[in-house]
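The chain contents come next:
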Amino acid sequence: MKGQDIMLPSLREKEDSVAVLDNDIMEKLKIVMMQSQQFQEMMMMYKCAIREVRTKAEVLNDEMSVRYHRNPISSISSRVKKPESIAQKLYNKGLPFTVEAIMTNLSDVAGVRIICEFIDDIYSIAAMLAMQDDLKLIKIKDYIKYPKPNGYRSYHMIVEIPVFFSKGKTPMRVEIQIRTMAMDFWASLDHELKYKKNIDPQDEEVIAGELLTCAERIAETDTIMQQIRMKLDAVEKSKQKTEIVIEE
Ligand code: 0O2
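Residues numbered from 1 in each chain as written. Predicted model: local features only at pLDDT ≥ 70, side-chain atom pairs only at ≥ 80, totals over all residues. Heavy atoms only, no water.

Novice: In this structure, what is going on with the site of the ligand? I would like to understand it.
Specialist: Neighbouring the ligand are 19 residues; Lys-81, Lys-89, Tyr-143, Asn-150 and Asp-190 lie closest to it. Measuring from an oxygen atom of the ligand, one finds a side-chain N or O atom of Arg-79 at 2.8 Å. Within the side chain of Lys-194, one N or O atom sits 3.3 Å away from an oxygen atom of the ligand. Contributions of two or more residues to the shell around the ligand are made by β5 (136-142), β7 (168-180) and α6 (181-195). Take the shell around the ligand: its biggest share by element is four residues, from α6. Among the residues forming the shell around the ligand, the class breakdown is three nonpolar, four polar and twelve charged. (Near = heavy atom within 4 Å. Polar contact = N/O pair within 3.5 Å; in protein donor to acceptor, adjacent residues only side chain to side chain. Helix = DSSP H or I, 4+ residues; strand = E, 2+ residues; numbered from the N terminus. Nonpolar A, V, L, I, M, F, W, Y, C, P; charged D, E, K, R; others polar.)

The structure is reproduced here in structure tokens:
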């Protein structure tokens, strides 16, 4: 696929004026991508990079579960971006449809989502990952401290991780999204709204308003849950201190 740019003859304009690739073109692009050996190899490389990042998160979770008797991570999911989403993103950025353009310019082909119980866990996991010396931190987007206007909250890290293949080491980019269960619940509903076609614009506006209200309530709840967690930790610590004094 390298150097084999695909011509894009027609476009469909969405109401919000974002150019969307025509379905036929999208289908053709998908077929070309799926049949390309280079594209398949690239996807395999991104899957391997995902595995490396997942392992890092799992190791941290296992260690903390032994050390502190609780799991900061409740679940980890991952995905490689669908060929049609890759094509759309390349098109939006005005880039050629080549493996080289994908690997150089797109940072979210490989994605790992880490779901934590508490807000503090998000920052702890992010810090612990960032300090690992084989992992290069490229970019941070803190949508928890600075939520999106629609209410979206999540902590995003773009990292570069070396993956060792038969011909040597390749640095691969992975997008890590870290959020609480509540933030994740909200994001999945919001995602559904984003991809619902034929929705009445008025209904869409009402739902977006309701989602924003939910996002604010969720943020409050996450904060209160965090405070309760801290109080419980303080109780546990003072209990441990008392036990040590009695033993002495
Ligand atoms: P999908 O289907 O998850 O892959 P960039 O060019 O990378 O700087 P981008 O991609 O907009 O700009 O970066 P950003 O804002 O960090 O968003 C990346 C991903 O975060 C999105 O990927 C979503 O997964 C998630 N995200 C960002 N904003 C929202 C939002 O408002 N609602 C929801 N539900 N998710 C959001 P994709 O490629 O859009 O989608």
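After presenting the structure, the write-up continues.
Novice: Before we go on, may I ask you to explain the sheet that holds strand β6 (residues 155-165) in this structure?
Specialist: Through backbone hydrogen bonds, the strands of a sheet pair up, either in parallel or in antiparallel fashion. Ordered in space as β3-β4-β7-β6-β5, the five strands form an open sheet in which the pairing is mixed. Looking along the sheet, the strands with just one partner apiece sit at the ends: β3 (73-80) and β5. Going from strand to strand, the sheet's axes swing by 25° on average, the running direction of each strand aside. Bridge count between strand β4 (residues 110-116) and β7: six bridges; the pairing is parallel. Paired with Ile-114 across the two strands is Ile-178, which belongs to β7. Across the sheet, helix α2 (residues 37-68) lies against β3, β4, β6 and β7, angled at about 175° from β3, the strand it touches most. (Pairing = 2+ DSSP bridges. Axes fitted to C-alpha atoms, helices over the stretch in contact; angles between N-to-C directions. Contact = heavy atoms within 4.5 Å.)

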